[in-house]
Amino acid sequence: MQRRILHIVLAFIGITITMASCKHDIPEVEEEIVMVGTPYNLEIPPFFPPMDIPADNPLTVEGVELGRHLFWEVALSGDNTMSCGSCHFPEHSFSDPAQFSVGITGAVGTRQSMALLNLGWARDYFWDGRAPTLEEQVREPIPNPIEMNQSWEDALEKLRNIDAYPPMYADAFGTTEITEDRTVKAIASFLRTMISANSKFDQWRQGDYIMTDSEWRGYELFNKEGGDPEEVQGGEFGADCFHCHVEAGLQFTDYLPHNNGLDSIFTDLGYGGVTGNPLDYGKFKTPSLRNVELSAPYMHDGRFETLEEVIEHYNSGGVASETVDPFMKYTTGGLSLPPQSKEDLINFLKMLTDTSFTTNPDFQNPH
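Keep in mind it's a predicted model, so treat the numbers as computed, not measured.

Reading the values: the criteria
- Residues numbered from 1 in each chain as written.
- Predicted model: local features only at pLDDT ≥ 70, side-chain atom pairs only at ≥ 80, totals over all residues.
- Heavy atoms only, no water.
- Helix = DSSP H or I, 4+ residues; strand = E, 2+ residues; numbered from the N terminus.
- Buried < 20%, exposed > 50% of the residue type's maximum accessible area, 1.4 Å probe, protein only.
- Contact = heavy atoms within 4.5 Å.
- Salt bridge = Lys/Arg side-chain N within 4 Å of Asp/Glu carboxyl O.

Undergrad: When you look at the overall build of the chain in this model, what are you seeing that I'm missing?
TA: A tally of regular secondary structure across the chain gives 12 helices and two strands. Across the 367 residues of the chain, 46% fall into the buried class. Taking the contacts inside the chain whose residues are at least 6 apart along the sequence as the reference set, 64% of them involve residues at least 24 apart.

See below:
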């Protein structure tokens, strides 16, 4: 009996040793990311965090340039009249000055076109956060029936018949093959290079600009808690902007969904329409305040035409609802900012304007 047990133990040890040996004999295979073209030297601005670039879509000079051509390519639309740039105007911080963009069929959208800047630091794309990556965001507008209204198959066939593109794809990806994934990756690469970081605020952070008294007061208001001035020590109160439009990371957004008190009844569910969760009803992604002076109209539905209207919305307290953000100040009737404070706050927001970004030749239409 003991001898039998010993044989079983030895056999088990032998099997274990054999399996261990086999494990070391089989090398682990990792997917190889082959970079084609010249690595793109992406300069991260001072005080900005590193950019998380997908391993399967490294930035190259050739890929970015292909993406710029595709961003402005009207052949991606069904009737060859509309490009991505048709709804994202450079002078408006690559947003649309119209409340709602109009597609090639005359169909009108239901949301305002968001400004395109610093997207390499974002997460969850579109107002309702339905796209988890920038590549997935790029994929949607072309087949969308109220936007460019063209199947990807037809769009790719058009690109194959434009003499300039096969060699550009070869430079960027190694072969002349034109595919949906390659097209999406190129446009996303271009968008990641669209960095805005040369506003007066950025210059102030680097010691190259001195704020005016009004801008400084606005900056303090931006970063100070709101509330009833009678309940705050010294009678001082703030605009309470920093909770959602956080300065940390210098993006002036937390990229999270919030219900900022626009409506009590939701005709657009926002994130709730994507998640199906009633707790997300009426919540929309917080936009960056960079270049906000240039990107009117404001909110997901473009209901406010001026910064003055936006400030007054928060100043009055907005509209209560079940999912309204707790940072909205309903119990005190809004922020109750006096006229001078509202003016100071707007002067600070205008410090975030970066015209070197909107006029950068690297982002303009190459066609």
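Undergrad: Just to check I follow, could you spell out the pattern of salt bridges for this structure?
TA: A side chain with one charge can pair with a side chain of the opposite charge if their charged atoms come near. All chains considered together, the criterion is met by 17 salt bridges. Two residues, Glu140 and Arg130, come together in a salt bridge whose shortest N-O distance is 3.0 Å. With a gap of 10 residues between them, Glu140 in the loop between helix 3 (134-139) and helix 4 (152-160) and Arg130 in the loop between helix 2 (61-71) and helix 3 connect regions that are remote in the sequence. Salt-bridge contacts for Arg160 lead to Glu157; the nearest nitrogen and oxygen are separated by 3.2 Å. One end of the pair is Arg160 and the other is Glu157, both in helix 4 and three residues apart, which spans about a single turn. Taking relative accessible area as the criterion, Glu157 reaches 40% and is therefore assigned partly exposed. Linked by salt bridges that have partners in common, Arg111, Asp128, Arg130, Glu140 and Asp268 make up one network.

Undergrad: I keep staring at the side chain of Glu135 and nothing clicks. Help me out?
TA: Along the chain, the position of Glu135 falls in helix 3. The class for Glu135 is buried, based on a relative accessible area of 11%. Ignoring any residue separated from it by four or fewer positions in sequence, one finds Glu135 in contact with Pro54, Asn57, Val184, Lys185, Ala188 and Arg192.

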